[in-house]
Structures are given as C-alpha cells and as structure tokens.
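# Residue-level structure breakdown
Next come the chains, spelled out residue by residue.
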Amino acid sequence: MDLELNDIQQELASTLSKYLRSEYDTAKREEILRSDEGISREHWQQFAEMGLVGLAVPENYGGAGMTFNEVAVVAEAFGRSLVLEPFLATAVLGANAIVLGGSEEQKQEILPGVCEGQTFLALAAFEPNSRYALESPETSATSAAGGSVTITGEKNSVLGGDVADHFIVTAVENGELGLFLVAADATGVTRAAHRQADGLGSASVKFDNAPAQRLGGGDAREVLAEVIDTGNAAIIAEAVGAMEASLTMTAEYLKTREQFGAPIGANQALQHRASDLYAELEYARSMALYSRLAVTSEAAGAEKDRHRDVIASKIVIDQSARNISQESIQMHGGIGMTMEYPIGHYAKRLTVMTRTFDDADSLTAELAEIGGLIEPQAADLN
Amino acid sequence: MDTLLNAEEREFAQQMRQFYRTEIPEELRFKVATGQELTKDDMVTSQRILNQHGYAVPNWPVEWGGQDWTPVQRHIWLEEMQLACVPQPLPFNVSMVGPVIATFGSQEIKERFLPATANIDIWWSQGFSEPNAGSDLASLKTTAVRDGDKYIVNGQKTWTTLGQYGDWIFNLVRTDSTVKKQAGISFLLIDMKSPGVTVRPIQLIDGGHEVNEVFFDNVEVPVENLVGEENKGWTYAKFLLGNERTGIARIGSSKVNLARAKAYAAVTKTARGTLLDDPLFSARLTRIEAELTALEMTQLRILSTQAAGSDKPDPRSSVLKLKGSQLQEDISELLVDVLGPQGLDFVSDRVQGEGLSDLPLGAVDALPAYFNTRKVTIYGGSSEVQRGIISKALLGL
Ligand SMILES: Cc1cc2nc3c(=O)[nH]c(=O)nc-3n(C[C@H](O)[C@H](O)[C@H](O)COP(=O)(O)OP(=O)(O)OC[C@H]3O[C@@H](n4cnc5c(N)ncnc54)[C@H](O)[C@@H]3O)c2cc1C
C-alpha cells in the first residue's frame, strides 16, 4: 500500500504552491475578482504554459498525458489560493467530456486550443426544473437529414459558462440522453452571465434551434457519469486545499487576536472546537484520497464502485466544509465577515463547492439507495 | 401560541394583528416577507406609522410614549409585528439609546432627544465596538478629554451598523484611564455631522454595505451630551446590552423564514416529486420546527416569571440568544438548500431577460442572507460569550 504522492506529483505541488504564493496572493486575487471578467486571461495563459490546463489530456492532442492524480494536486493548490479561473469548468469537466466522449476529429479540433489556454469550455447540464438530477433533461436535440443537429432548451448554473467558447450540452433525442457540442457564438445561443457567490463565473444559457454536433458516438450516460465523478473528485481536492488554508488561518488568528488580555486561543472552548475542525480536515484529506483512488483505479470492476466511492467521499467533505467554513468565520468574529479579510472568501468558495453538482442530502439519499458501502450480514445468533 | 394566552391577551394579539395588516403599507411588508433589502425611507416610514399609534416604543416609560404593558403583551407586540413582516423600529433608537436616556438621562436630555428618537427624526448609530474591543468591550480606547464645556473625542469605532444613515451616534468613550477599565467609561452622544467625524464603509461577504468604521479626530462634543454621570457608562452599557438580548431570539421572524422555506420547497421539483416530499429535507425542516417551538416556549416561560414580579435582567435570556441565533442560521441555510444549484449566484434580480426564464423565488436573497446571518452568533454578545454567562450565572461554574 502506498498512499503518498510520488516524486513527480510532489514536485508539481511544490512548484505550483511557490508560483501561487508569489503570483496569486490576496491582493492580486482581489484585483482579478474586481475586474470586469472576473478572471485573468494572463494567468490562464501561464497555467497553460505550465501544462496545467491540459494536464490529463493525451499528448497527441497537446496535453501533458498525465492522470487525475496530478489534476488533484493542482486542484488542491488552487483551492488553497482560491484561484478564480475556470479550471474545473474547462480543464476538468470540459476537457474530460471531450477526451472521454469526443470523436477523433472533435478531439483534434478542440483539445489543442484548450491545452494552449485559448479555448474555454463549459458543461451545460442543469436546468430550471432539474435541481441536481442530470439524467433526463428537458432540452431536446433534433437531427435533420444530412447529419445536422439542433438543440433547443434552457440550461442554468453553467459553471464557466460566462466565458465559454464551446458548451457541452446534455439533451434528449428519441428518449435517449446525448452530449452535444455547441459553439457559444452559434446562432440561437443566448447567455446571461452571472457571478457565483465565490466570484467564479457561471451562466444561464438558452439554445433555440442552435446548431450542434453530437459528441462522439458512445454512451453519453457513461461519459456524463464519469465526467461528474471526476469533477466531484476535483472539487473534493480543491475543497481540501481551501479547508486547510482556512484552518491554518483560523489557528493563527486564535494565537494572535487578543481579548481580555490574552489570545482568544487561550480559551479551551475555542481550542477544542479548533481541534474538532482539525479532525474533520483529516477526514476530508482521507476521503480526497479515497475519491482520487476511485477515479484513477484501473482494477477490474473498479468502474462499478467509482460513483459510490466518490459520493461517499463527497458526503464527508460536505460535512467538513460546512463546519470549517462556519466555524472559521465564527472564531474570527466580525472580521471574518468582511471582504477585506480572506477567511470569508474561503467560506464562500466552500459553501458553493459543496452544492455544485449535488448537496449533502441528495448524496446521502443516493448512497443509501445504492445500498451504502457495507454489505449487510445476517447475524449468526447460534 | 394563542392557546396559551388568556382572553385579554388573545384579544390584544388580535388587535395587533389587525393593526399591522391594515396600517403598514403592504408594499413594505412584502419586501420583508420576500427578503428584499429595506431602504432608509422604508424603515423610517414604518417606524413613524408605529409611533403615531403609540407602537414604536412600548418598552419606554409611559410619559415618553411607552405603554403600560405586561411582558407578555410586549412579547405579543413584537411577535405579531414579525409575523406580519412589518419593518421593525430601529433597534438603536428604540431598544438601545432610548431606554438608556429615559432611565439615566437628565430632564433636558430626555426632552431634547426622546421624542425625536421615537419618531426617528434622529437616526442613531451604536458606537460601542472598536477594532481591539469586541467581546472585551470594556477595553475600548476612544478617549473623551474634558476641555471647559466640551469633550474632545479621539479614536475609532467599528462595525457601526447603518452608520451611513446615522445622524447621531451613542458612544462609549474613555474618560478616565487611571482606574479599572470598566470604571473609566462614559456614555456620550455625538452629532455625526460634527467636524472630525468620518464614516467609512466596510464591505461584507454578502455583497452588501451594512457596517462602517467611524473615526473621531479631535471631535468637539458639548458636555451636555453626556448621558448620566461621567465614568458610569459601563453600568448604562450593561443595562443596554441586557435589553438588547431579550428581543434577539427573533422567533416571529424565524417562523416567517421557515414558512417561506417550506413554501418554496413545495414548488421545487425533484426527481421524485417536490423537495417538500423529500424525506431528508422534510426531516431537517421538521426538526427545526420542533426546536423553534421549544425556543418559543422557553421564551414564554421566562416571560411568565418576569410577569410575576422580578424586573431584573434574567440570565436565562442568554439561552434565548444562544439558541435563537443558531436557529436563525440553520433556517438561512435551509433556504439556501431549497434553491440548490440555482441559489449559488449573486444576482440582483430574478428576471434574467433575453427569453431566459426567471430565477426561482429566493434566488436573489437566500445565499447573501446565509452569509449575512453569520453575524447573529457574533454580535449582541457572541455565542461564546452567552455560554460564558450561562456557565457562570446559571451553573455556577
Ligand atoms: C454585522 C455586524 C454588525 C455589528 N453592528 C455593531 C454596531 O452597530 N455597533 C457596535 O458597537 N458593534 C457592532 N458589531 C460588533 C459586535 O458586537 C462584535 O463583532 C462582537 O462584540 C465580537 O467582537 P469581535 O468581532 O471583535 O470578535 P472577538 O471578540 O475578537 O472574538 C473572536 C472570537 O473569539 C471568541 N471569544 C472572544 N472571547 C472569548 C472568550 N473569553 N471565550 C471564548 N471565546 C471567546 C468570540 O466569541 C469570537 O468567536 C457588529 C458586528 C457585526 C458582525
């Protein structure tokens, strides 16, 4: 059993942390947050040049040909620095959908631009009536003679949809779920850009007979499931980075903030609660590892367990993120609620991350429905 | 609650219910009911109507516009006001500075300020907290140095809620730094238009501007603006904070917010029906409802013993603050979870335009309110401070 990062991954983690500490500090992030687009295209270019955007894209499409293990390292580092650029939307969800589901031609056409930092992608899957269910969208696809396809429907909560050049859209044709590629500037595409509470961009998008291409020819259900599982595993890694930074900052604050003539951290009431948060962070780290192993496992039959293991991980992460984000603000007092101080920004990111593809309730219900993690045993009472 | 009331109290509740629903403009109540932000004018309008009918400051002495009500009646007044979604009178005026002036102020200061305070002709701000005096309020450093017939005030206050609208600020200031910290504090009223007063906004993570920093740079304040005696300010502040704590459980508002979450959940579709039918969601909701009932009964139990005579601040009100604030936070989180993926954006309008459908009910306010509501376990004596009071005053630890 080897649960540690290998040398290459450790190197990636430390190089990236160093880079982010100097190039993506609170002040620089603040500037990006306040800019019109809410992202820095220069930073994105840098990330691309560092090979981060196409990290898990095969080399023949311009990527680095690595695995989700490395993606998780990046996500965790980005979580620690609260990176605003659409890594999850483009490099994880979007790139993965194309790598897993796209035809050779589509991969050739889109992935090199993604890896070079020129093209943004977004997965358009949620709808006004869908809540967190993705399997049966109301959006429809219609094929015409000659192989052309059009998409009609409305999507919301499209992460990174504000800047996307291509949407990967879920739609139903003849009762079957499909994935479709739609160019953002195609006729019949209208979007309303929004900012999430955490500052990341999103959009609502309307497709009105918009010209589209079917993504590859495989089973869209399987592709979507894997894209979401991997997306969740990336969210989990990112959340661990954000939680770790929050707790470190909170512990530091407990040591330095003085009230009643002593550091507030001298109060056992706060020490014990901070210790509980530490225990939760350890859980979160463990489940980040568990979900990473689940999405990278090449063992026979691993696919069957992948979804189950990722949602089990996410249930634990949601709990840790809730407690760490709420308690970090509480233990900071008023300053924790200000835009000027970083702790509230972490709370915002964590609050959004835990509700991006699902929430604690939807996951718990789903895990229970698929039978949980432990096989029941008939008690042998004899 | 109605079943617990006697015939007169029920009649009184009915009367308040009727009054709020007929006299306070529907448009204002709708804003509160749907979580919209109130403007300064909205708040002033509401308080003036209440004041015209004697309902703005019932907790004050009768001669200054108060009502000779029992604690139960006062509770009904507030609870029904919250249930009717009436914008509440400004707490800084009616529950904080008003009672302090009425109890400890000179006749001149009462005449000068109380009528204008009740009618919100003066908008008051609370100048207690400082960057280094939060939970440990008594360590405050803003100084007021006597110079003939005036004080010269220097220092900084922070977290001043709605200070951007403030006409006057009631400040705790240090007038003697040679004695024990609690013994050198005075309660001083300062005109915010005085030269040397600067108000700077603080942005909060809910995206709003609710609090401010207030700086005092050689501000001249006439000595007649001192309330009560010099160096007795800590006594007045404790009196004020004790008053603040009782209304702070916000049970009526919590009921309204919970009802709102429930109504929205009933129209939120899920794969299996509506969110209200979802077993996990409804279990969580139901537990909160039961707990809210427990909070209300606790409040009524405390009130009924007060009605029986004791007028001293009851340390059990810390239980109300501790539990009531936690419930407010839980309910705000519940509403966020009703919205699901559509509640994650900060938007200023449900209407998206361009042929896109409107965002669901609550999409504008649920998440900002969740972040804003973090304050309720921090201010008015944080949850940790309340636990400290409970363990000392009630458990003797
Ligand atoms: C939105 C908002 C509005 C406000 N409006 C006003 C206003 O209008 N006027 C005004 O004067 N003030 C206002 N306040 C200030 C408020 O009263 C203070 O924030 C509060 O007293 C806490 O102080 P602090 O923020 O400095 O936190 P700190 O006192 O620094 O506390 C930080 C953390 O340590 C904990 N802690 C402190 N001491 C102990 C201890 N002995 N044992 C255990 N835990 C401890 C606290 O509970 C908290 O969790 C407002 C605050 C907020 C957030």
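Residues numbered from 1 in each chain as written. Chains lettered and ligands numbered in written order. Predicted model: local features only at pLDDT ≥ 70, side-chain atom pairs only at ≥ 80, totals over all residues. Heavy atoms only, no water.

### Observations regarding the overall build of chain B
Helices and strands together make up the secondary structure of chain B, namely 12 helices and 10 strands. Scored against the burial criterion, the 397 residues of chain B give a buried share of 53%. Taking all contacts inside chain B whose residues are at least 6 apart in sequence as the whole, residues at least 24 apart take part in 70%. When the accessible area of chain B is evaluated, it comes to approximately 17,100 Å², of which 52% is carbon and sulfur surface. One finds the centroid of the 40 positive side-chain charges in chain B at a distance of 6 Å from the centroid of its 50 negative side-chain charges. (Helix = DSSP H or I, 4+ residues; strand = E, 2+ residues; numbered from the N terminus. Buried < 20%, exposed > 50% of the residue type's maximum accessible area, 1.4 Å probe, protein only. Contact = heavy atoms within 4.5 Å. Areas by Shrake-Rupley, 256 points an atom, 1.4 Å probe, with all protein chains shown as cover. Lys, Arg positive; Asp, Glu negative; His and termini not counted. Charge placed at Lys NZ, Arg CZ, Asp CG, Glu CD.)

### Examining the packing of aromatic side chains
Following the criterion strictly, the structure yields 24 aromatic pairs over all chains and no others. Centre to centre, the rings of B:Phe113 and B:Trp168 are 5.0 Å apart; their planes meet at 75 degrees, and the pair counts as edge-to-face. Residue B:Phe113 is found in helix 6 (residues 107-118), and its partner B:Trp168 is found in strand 4 (residues 168-174); the two are separated by 55 residues along the sequence. A relative accessible area of 2% places B:Phe113 in the buried class. Of the aromatic side chains, those joined through ring pairs into one cluster are A:Tyr19, A:Trp44, A:Phe47, A:Phe78, A:Phe87 and A:Phe120. Directly above the aromatic system of B:Tyr151 lies the positively charged group of B:Arg146, at a separation of 5.9 Å from the ring centroid. (Phe/Tyr/Trp six-rings, centres within 6.5 Å; stacked < 30°, edge-to-face > 60°. Lys NZ or Arg CZ within 6 Å of the ring centre and 35° of its normal.)

### Let's talk about empty space enclosed by the protein
All names here are of chain A. This structure, assessed with the given rule, holds 4 cavities of 30 Å³ or more. Of the voids in this model, the largest cavity is the one considered here, and its volume is about 130 Å³. Phe126, Ser157, Leu159, Thr356 and Phe357 are, among the 13 residues lining the largest cavity, the residues nearest its centre. A per-class count over the lining of the largest cavity returns 8 nonpolar, 4 polar and 1 charged. There is about 70 Å³ of room inside the second largest cavity. Taken together, Ile39, Leu84, Glu85, Pro86, Ala89, Leu159, Gly160, Asp162, Val163, Leu200 and Gly201 form the lining of the second largest cavity. By residue class, the composition of the lining of the second largest cavity is 7 nonpolar, 2 polar and 2 charged. (1 Å grid on protein atoms, 1.4 Å probe; cavity = no way out; pocket = protein on both sides within 12 Å on 5 of 7 lines; lining within 4 Å. Points joined across faces, edges and corners; volume = space filled by probe spheres on them. Nonpolar A, V, L, I, M, F, W, Y, C, P; charged D, E, K, R; others polar.)

### Details of the layout of surface pockets
Residues and elements named next belong to chain A. Estimates place the volume of the second largest pocket at around 870 Å³. What lines the second largest pocket is a set of 33 residues, among which Tyr132, Ala133, Leu134, Glu135 and Glu366 lie closest to the centre. Here the lining of the second largest pocket is composed, by residue class, of 15 nonpolar, 5 polar and 13 charged.

### Thoughts on unusual backbone geometry
The backbone of A:Asn209 sits at a positive phi, close to 50 degrees, despite the residue not being glycine. Looking at the element boundaries, A:Asn209 is found in strand 7 (residues 201-214). According to the relative accessible area criterion, A:Asn209 is partly exposed, its value standing at 47%. Phi is positive for B:Arg250, which is not a glycine, with a value near 50 degrees. Its place among the elements puts B:Arg250 in the loop between helix 7 (233-246) and helix 8 (251-266). Given the relative accessible area of 31%, B:Arg250 is considered partly exposed.

### Digging into the pairing of strand 1 (residues 124-127) of chain B
Along a regular strand, successive side chains alternate from one face of the sheet to the other. Residue and element names in this part refer to chain B. Of the two faces of strand 1, both are covered, the one formed by Trp124 and Gln126 as well as the one formed by Ser125 and Gly127. Taken together, the 4 bridges between strand 1 and strand 4 define a ladder with parallel strand orientation. Across the sheet, residue serine 125 finds its bridge partner in strand 4, namely isoleucine 169. (Pairing = 2+ DSSP bridges.)

### Looking at the interface of chain A and chain B
Of the residues lining the interface, 50 residues belong to chain A; the matching set on chain B comes to 50 residues. Summed over both sides, the interface between chain A and chain B buries roughly 4,200 Å², with carbon and sulfur atoms accounting for 53% of that surface. Per-residue buried area on chain A facing chain B is highest for A:Arg131, A:Met337 and A:Arg355; these three make up 18% of the total on that side. Put simply, chain A and chain B have 6 salt bridges between them. Linking chain A to chain B there are 30 residue pairs in polar contact (both at pLDDT 80 or more). Of all the secondary structure elements, the ones that give two or more residues to the side of chain A that touches chain B are strand 3 (149-159), strand 6 (189-196), strand 7, helix 8 (268-296), helix 9 (302-332), helix 10 (343-353) and helix 11 (360-369) of chain A. Top element by residues in the side of chain A that touches chain B is strand 6 of chain A. It accounts for 6 residues. Its residues placed into classes, the side of chain A that touches chain B shows 16 nonpolar, 20 polar and 14 charged. Of the pairings in the sheet, the one linking strand 6 of chain A to strand 10 (residues 345-346) of chain B comprises 2 bridges and is antiparallel in character. From the neighbouring strand, A:Gln196 faces strand 10 of chain B, where its bridge partner is B:Asp345. (Buried area = accessible area lost by both parts, 1.4 Å probe. Salt bridge = Lys/Arg side-chain N within 4 Å of Asp/Glu carboxyl O. Polar contact = N/O pair within 3.5 Å; in protein donor to acceptor, adjacent residues only side chain to side chain.)

### Quick notes on a nonpolar patch on the surface
Judged by side-chain polarity, A:Met1, A:Leu3 and A:Leu293 come together as a nonpolar surface patch covering roughly 370 Å² of accessible area. Position of A:Leu293 relative to the elements: it lies in helix 8. (Patch = residues over 30% accessible without salt bridge, like charges linked within 9 Å, V, L, I, M, F, W, Y side chains within 5 Å.)

### Regarding the pattern of salt bridges
Residues and elements named next belong to chain A. According to the stated counting rule, one finds 42 salt bridges over all chains in the structure shown. When the shortest N-O distance is used, the salt bridge between glutamate 173 and arginine 214 registers 2.8 Å. Residue glutamate 173 is located in strand 4 (residues 166-173), and its partner arginine 214 is located in strand 7; the two are separated by 41 residues in the primary sequence. We classify glutamate 173 as buried; its relative accessible area is 11%. Glutamate 327 is the salt-bridge partner of arginine 273, the closest N and O atoms lying 2.8 Å from each other.

### Quick look at the environment of A:Glu31
Residue and element names in this part refer to chain A. Inspection of the secondary structure assignment puts glutamate 31 in helix 2 (residues 26-34). Judged by its relative accessible area of 62%, glutamate 31 is exposed. In this structure the C-alpha to C-alpha distance between glutamate 31 and proline 211, which are 180 residues apart in sequence, comes to 37 Å.

### Regarding the domain arrangement of chain A
All names here are of chain A. According to the domain assignment, chain A contains domain 1 (7-119), domain 2 (122-218) and domain 3 (221-369). Counting residues at the interface gives 25 residues for domain 1, matched by 19 residues for domain 2. Carbon and sulfur atoms make up 63% of the surface buried where domain 1 meets domain 2, a total of about 1,500 Å² over both sides. By the criterion of area lost to domain 2, the three top residues of domain 1 are Ala89, Gln106 and Ile110, representing 26% of everything that side buries. The tally of links between domain 1 and domain 2 comes to 0 salt bridges. Listed by contribution, the elements that provide at least two residues to the side of domain 1 that touches domain 2 are helix 2, helix 5 (87-101) and helix 6 (104-115). Looking at which element gives the most residues to the side of domain 1 that touches domain 2, the answer is helix 5, with 7 residues. Classifying every residue of the side of domain 1 that touches domain 2 by side-chain character gives 11 nonpolar, 9 polar and 5 charged. (Domains from an automatic or database assignment.)

### Considerations on the domain arrangement of chain B
Accessible area lost upon the coming together of the parts serves often as the stated size of an interface. Domain boundaries in chain B define domain 1 (2-89), domain 2 (124-229) and domain 3 (247-394). The straight-line distance from the C-alpha centre of domain 1 of chain B to that of domain 2 of chain B is 30 Å.

### A few points about the pairing of strand 1 (residues 121-124) of chain A
Residue and element names in this part refer to chain A. Both faces of strand 1 are covered, namely the face carrying Leu121 and Leu123 and the face carrying Ala122 and Ala124. Sheet analysis places strand 1 next to strand 4, joined by 4 bridges and oriented parallel. When the sheet's bridge partners are listed, alanine 124 is paired in strand 4 with valine 169.

### What to know about helix 2 (residues 26-33) of chain B
All names here are of chain B. Leu28, Arg29 and Lys31 are the residues of helix 2 that are buried. For helix 2, the arc enclosing every buried residue in end-on projection is 155 degrees, short of the 170-degree limit, so these residues lie on one face. Opposite the buried face of helix 2, at more than 90 degrees from it, the exposed residues are Glu26 and Glu27. With its phi angle positive at about 70 degrees, glycine 35 sits one or two positions after the end of helix 2. (Arc of directions from axis to C-beta.)

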